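Chain by chain, the residues run as shown.
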Amino acid sequence: RILGVGRKDGLEAAGLGWATAIDCGGMTLVPGFIDAHCHVLAYASSLLAVDCRPSAVDSIDGIRQALSARTAETPAGQWVRGVGYHESELRDKRHPTRWDLDKAVPHHPVRLIHRSGHACILNSVALALVGISMDTPEPPGGTIDRHRESGEPTGLLLEMDGFLDERIPSLGEDELLRGLRLAGRSLASMGITSVQDATHTNSTRRWDFLLKLKANENFCQRITMMVGSNHLPGFLDRGSRFGDGDENLNVGAVKFMLTSTTGRIHPSKVELRTAVTLAREAGFQIAVHAIEAEAVDAAVEALAGGPDALPPHGRDRIEHCSESPPSSLKKLSASGLMVVTQPGFIYHNGHRYISEVSTDVLPWLYRVGSFQEGGLGPAFASDAPVIEPDPLLGIYAAVTRRAASGDTLNAGEKVTALEALRMYTLNGAYAAFQEGDKGTIQAGKLADLVLLDADPTAVEPERIRDIRPVLTMIGGRVVWEA
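An account of the accompanying structure is given in this report. Bear in mind that the values here come from a model prediction, so they are computed numbers and not experimental data.

1. A look at the overall build of the chain
Along the backbone of the chain there are 16 helices and 21 strands. Taking 482 residues into account, the globule formula puts the C-alpha radius of gyration at 23 Å, and the chain, at 22 Å, falls close to it. Expressed as lengths along the three principal axes of its C-alpha atoms, the size of the chain is roughly 70 × 55 × 50 Å. Looking at the chain as a whole, 56% of its 482 residues are labelled buried. Per element, the accessible surface of the chain, about 19,600 Å² overall, is 50% carbon and sulfur. Positive and negative side-chain charges of the chain, numbering 48 and 60 respectively, have mean locations separated by a distance of 1 Å.

2. Points about the sheet that holds strand β12 (residues 222-228)
One open sheet accounts for 8 strands, arranged β4-β11-β12-β13-β14-β15-β16-β17; its pairing is parallel. Either end of the sheet is taken by a strand with one partner, and the two such strands are β4 (33-38) and β17 (379-380). Taken together, the 2 bridges between strand β16 (residues 338-341) and β17 define a ladder with parallel strand orientation. Within β17, the position partnered with Val 340 by the bridge is Ala 379.

3. Describing the sheet that holds strand β5 (residues 50-51)
Across the sheet, which stays open at both edges, the 6 strands sit in the order β5-β6-β7-β8-β10-β9 with mixed pairing between neighbours. Looking at the sheet topology across the chains shown, the edges are occupied by β5 and β9 (143-146). Strand direction decides the pairing type here: strand β7 (residues 110-114) and strand β8 (residues 119-122), joined by 3 bridges, are antiparallel. Across the sheet, Ile 113 pairs through a bridge with Cys 120, a residue of β8. Lying on the sheet, helix α2 (residues 60-71) is in contact with β5, β6 (80-85) and β7; it crosses β6 at an angle near 150 degrees.

4. A few points about the pattern of salt bridges
Under the defined criterion, the tally for this structure stands at 26 salt bridges. Linking Arg 315 and Glu 435 is a salt bridge whose minimum nitrogen-to-oxygen distance equals 2.9 Å. Placement of the pair is Arg 315 in the loop between α10 (293-304) and β15 (317-320) and Glu 435 in the loop between α16 (426-430) and β18 (441-442), with a sequence separation of 120 residues. Its relative accessible area of 12% is what places Arg 315 among the buried residues. With relative accessibility at 25%, the residue Glu 435 sits in the partly exposed group. By sharing partners, the salt bridges in this structure join Arg 1, Arg 222, Glu 247, Asp 437 and Asp 448 into a single network.

So, how was this worked out
- The residue numbers shown here count from 1 along each chain, following its written sequence.
- For a predicted model such as this one, the threshold for reporting local features is a pLDDT of at least 70, and the threshold for listing and counting side-chain atom pairs is 80 or more; totals across whole chains, interfaces and linings nevertheless cover every residue.
- No hydrogens and no water enter the side-chain calculation; it runs on all heavy atoms of the structure.
- Only DSSP runs of H or I with at least four residues qualify as helices, and only runs of E with at least two residues qualify as strands; both kinds are numbered from the N terminus onward.
- C-alpha atoms define the radius of gyration in this analysis, and the globule rule sets the expected value at 2.2 Å times the number of residues to the power 0.38.
- Relative accessibility decides the category of a residue: with a 1.4 Å probe and only protein chains considered, values under 20% of the type maximum give buried, values over 50% give exposed, and everything between is partly exposed.
- Here the Shrake-Rupley method, with its probe set to 1.4 Å, supplies the accessible areas, and only the displayed protein chains count as covering residues.
- Only four residue types enter the charge count, namely Lys and Arg as positive and Asp and Glu as negative; His and the chain termini do not.
- To locate a charge, take NZ of a lysine, CZ of an arginine, CG of an aspartate or CD of a glutamate.
- We call two strands paired when DSSP finds no fewer than two bridges between them.
- Note on contacts: a residue pair qualifies if any of its non-hydrogen atoms lie within 4.5 Å across the two residues.
- Think of each axis as a best-fit line through the C-alpha atoms, taken over the contacting stretch in the case of a helix, with angles from 0 to 180 degrees between the N-to-C directions.
- Throughout this description, the term salt bridge denotes a Lys or Arg side-chain nitrogen within 4 Å of a carboxyl oxygen of Asp or Glu.

Structure below.
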């Protein structure tokens with residue numbers, strides 16, 4: 001832990017014994033970055049999978065070639081996994097189908113995961129193994145895309161991770177540990193010292209695996225693991241409660257998925273309210289995944305609306321809050337809730353939003369300034385592996401509202417570099433009730449620190465994306481250096 005902090009100049013905390021940034025002779029010391037919403041095991045797995053991101057392939061034929069090349073080193077019958085494709089970034093401007101994948105990989109099962117993480121493609125071998133055919137009904141909240149004329153599944157599956165995870169073998173422990181070591185080093189190289197894992201399928205089994213992982217020091221970042229809402233009874237049966245664990249691994253909020261992929265909100269408002277009440281009665285913080293405006297409104301109603309609602313935990317969270325028109329923003333601002341959002345999406349996807357999103361929705365995408373003014377937090381995150389988890393790119397996007405393409409998205413939602421830095425540090429800690437231990441450089445707090453080669457609060461905004469960590473410490477121990 002930090003033993004003391006001297007006086008500093010230039011920021012609002014001067015002389016108060018804590019700091020957001022400290023000048024270190026041309027370099028700058030900041031608190032360790034906190035990714036308040038990511039998916040640790042999925043990120044680790046993505047580093048071992050076939051890279052099908054736009055930076056690696058630009059067509060369905062390119063995806064086929066990449067997957068086919070992997071089969072040469074994959075034993076017969078084992079799964080081939082690809083990650084990161086997006087149909088709009090392909091020259092073909094469509095999703096691949098099972099038949100596209102069959103041409104490249106006819107004998108191995110294939111799972112190709114969409115960049116969003118909410119869709120995937122299976123080839124014919126994989127569909128047979130998981131039991132999906134013409135006669136398979138959609139699971140609750142999921143969608144099996146079907147050929148318009150024949151009714152055959154095309155291989156495209158939406159919001160079906162829970163269904164598939166029960167039927168597709170996970171990576172072997174040795175392989176997964178290799179991915180986690182790669183993931184920990186990658187995150188440390190970006191200055192990330194704590195992560196909040198928001199995977200909605202997190203179970204007691206996942207908690208036990210993470211306990212073993214941390215005990216063997218195979219992943220250096222501190223982890224707050226949210227509890228999948230369907231798995232809450234298992235935690236309660238064990239006597240596990242919110243906040244259990246220690247500073248290296250602890251139990252976080254109960255994570256709910258609220259989607260409208262099928263054309264209606266799932267789960268229903270009544271079902272969500274009932275489940276939220278159970279979690280609140282057990283003393284848990286609530287985190288609700290909500291992207292579309294109607295989902296955001298339903299989340300606010302479930303968490304803060306109605307005379308029969310239990311009082312909020314105090315920091316119940318809406319994750320993403322991607323679409324927030326004025327009517328939704330008004331409800332949010334009056335709700336007492338927090339927002340955890342991903343400004344990095346502006347950088348990575350802004351060009352696509354501008355070209356594809358309707359003009360009546362575009363002005364309300366990924367607000368930050370309005371959330372700040374409305375008292376909603378906010379805390380920043382990456383949703384990795386959906387995008388690269390680089391906090392400095394997220395800070396750059398929040399300050400400039402610029403995409404990698406140079407396009408600007410909703411410039412009125414800018415915040416200052418200091419505000420953005422706090423959203424990736426102190427606000428992230430606050431979102432998990434950990435501000436007493438993290439988020440500022442202060443005597444008594446954990447010595448989770450990052451040395452940057454420039455001060456993001458002092459350089460020209462355009463230069464923020466070029467800033468690089470020089471050294472990352474967790475608990476006063478150097479875990480990465482350039």
